[in-house]
Amino acid sequence: MPTYRPRALLPGDQPGPWSDPVSIAYTQRDVLLYAVGIGCSDLRHVYEQHPQFAVFPTFAIRWGAAGLKLDTDAIPNSPGPLMLDAERSLEQLAPLPTEGAVQVRARLLSVHPRPRGAAFAEVEAEVIDASGQVCVRMVSGSFRRGVAALGDIEPFEGAGTARSAKLTMPDRAPDLDLSVAIPANQAHIYRLSGDYNPLHIAPEAARFGGFEQPILHGLCTYGHCGQLLLGALCGGDAARFQALGLRFSSPVYPGDTLRLVGWHDGPGRLVFEGRVGDKTVVSNASFRYV
């Protein structure tokens, strides 16, 4: 069975070295396509001639591990259908330009075993604009469910300090209750922003990954949460977005109705869950704003 040896990459449980920065160029069209791909209809994000046109704050989430090359002798590669987004967090420190190029660097934070022959890996990344300003800081957690088949990773010793932390939701009625219907072709649109994992479009790939049908991209679910919360709590003003973090507890499918229930947790902070029917699909979630 394939073996993980994360201590070779994370001695002393310290984060790994930063990767060399990679340059990522994007156009106004990329910005517009991403916004449409997460179900956004606010003209400030989908119409380039709007006087307040701005990049939607979660746009950079797609670059979570850009530039990072892991030693496959220590962390073997997994095929796309066996890789799932597990947790994501993004902090906006400054707005991204509406088009141009940025530098992205990343580093490995932790790798730990999970039940049923799987692993959980976390990567930190920074997005830096042309002036040297860090605009976005992110942590990406991936659930690696095998190398050749589901659950084929040999038991191993974990390494690194995980950023993942459990949040407890208040035991009272929610302060916020929002819902959005996910269009049947939403994954088809979102994938055009660059995530071509066949798990989200090809039935045979979905079955190989353990699902009856293609599932919505986790990052598309993430974007839907972001645009719902920004609209409800910030009047859609991208400058008021500070941070969004969440865990993907269960897949969302195209055609589902995603419901967010949230509780105010101090000034400018909401903790929330995402649900489809009676199932919790997003947990351990928080949103910070000004």
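Residues numbered from 1 in each chain as written. Predicted model: local features only at pLDDT ≥ 70, side-chain atom pairs only at ≥ 80, totals over all residues. Heavy atoms only, no water.

Peer 1: Please explain the packing of aromatic side chains as it appears in this structure.
Peer 2: Any aromatic ring pair is given by two values, namely how distant the centres are and how the planes are angled relative to each other. Tallied over the entire structure, the rule returns 8 aromatic pairs. Each member of the aromatic cluster is reached from another via a ring pair, and the members are Tyr26, Tyr34, Phe59, Trp63 and Tyr190. In this arrangement the basic side chain of Arg62 is found over the ring face of Phe59, its NZ or CZ atom lying 4.3 Å from the centre. Arg105 extends its terminal NZ or CZ atom over the ring of Trp18, reaching a point 4.1 Å from the ring centre. (Phe/Tyr/Trp six-rings, centres within 6.5 Å; stacked < 30°, edge-to-face > 60°. Lys NZ or Arg CZ within 6 Å of the ring centre and 35° of its normal.)

Peer 1: What is the right way to look at the environment of Gln92 in this model?
Peer 2: Within the element layout of this structure, Gln92 appears in strand β2 (residues 83-92). Looking at Gln92, the relative accessible area reads 14%, which means it is buried. Separated by 37 residues in sequence, Gln92 and Val55 have C-alpha atoms that sit 11 Å apart. For Gln92, the side chain forms a polar contact with the main-chain oxygen of Ala238, separated by 3.0 Å. (Helix = DSSP H or I, 4+ residues; strand = E, 2+ residues; numbered from the N terminus. Buried < 20%, exposed > 50% of the residue type's maximum accessible area, 1.4 Å probe, protein only. Polar contact = N/O pair within 3.5 Å; in protein donor to acceptor, adjacent residues only side chain to side chain.)

Peer 1: How should the pairing of strand β4 (residues 118-128) be read in this particular structure?
Peer 2: A regular strand places its side chains so that they alternate between the two faces of the sheet. Most of β4 is tucked away: 11 of the 11 residues are buried. Side chains Ala118, Phe120, Glu122, Glu124, Glu126 and Ile128 project from β4 onto one buried face, and the interleaved Ala119, Ala121, Val123, Ala125 and Val127 project onto a second face that is buried too. Relative to β4, strand β3 (residues 100-114) runs antiparallel, the two sharing 11 bridges. Across the sheet, the residue bridging to Val111 is Ala121, located in β4. Counting the residues in the hairpin turn of β3 and β4 gives 3 residues, including Arg116, whose phi is positive at 60 degrees. Two elements, β4 and strand β5 (residues 134-144), share 10 bridges in a ladder whose sense is antiparallel. Across the sheet, the residue bridging to Glu126 is Arg137, located in β5. (Pairing = 2+ DSSP bridges.)

Peer 1: For this particular structure, what's the right way to read the pattern of salt bridges?
Peer 2: Any two side chains of opposite charge can pair, so long as their charged atoms come close to each other. Under the counting rule described, the total for this entry stands at 15 salt bridges. For Glu91, the salt bridge is made with Arg288, and the minimal N-O distance between the two is 3.8 Å. Of this pair, Glu91 sits in strand β2 while Arg288 sits in strand β11 (residues 279-289), and the two are 197 residues apart along the sequence. Because the salt bridges share partners, they merge into one network encompassing Glu91, Arg105, Glu126, Arg137 and Arg288. (Salt bridge = Lys/Arg side-chain N within 4 Å of Asp/Glu carboxyl O.)

Peer 1: Would you mind showing me how to read the side chain of Arg107 here?
Peer 2: Following the sequence through the fold, Arg107 ends up in strand β3. Exposure remark for Arg107: the relative accessible area of 18% places this residue in the buried category.

Peer 1: What am I meant to see in helix α1 (residues 28-37) here?
Peer 2: Along an α-helix, residues three or four apart share an orientation, since each turn contains 3.6 residues. Turning to α1, its buried residues are Val31, Leu32, Leu33, Tyr34, Ala35 and Gly37. Considering only its buried residues, α1 is in contact with β1 (22-26), α2 (43-46), α3 (186-190) and α5 (218-234). Downstream of α1 by a residue or two, Gly39 has a phi angle that is positive, lying close to 80 degrees. (Contact = heavy atoms within 4.5 Å.)

It is worth stressing that arrangement in space is one thing and function is another; only the former is reported here.
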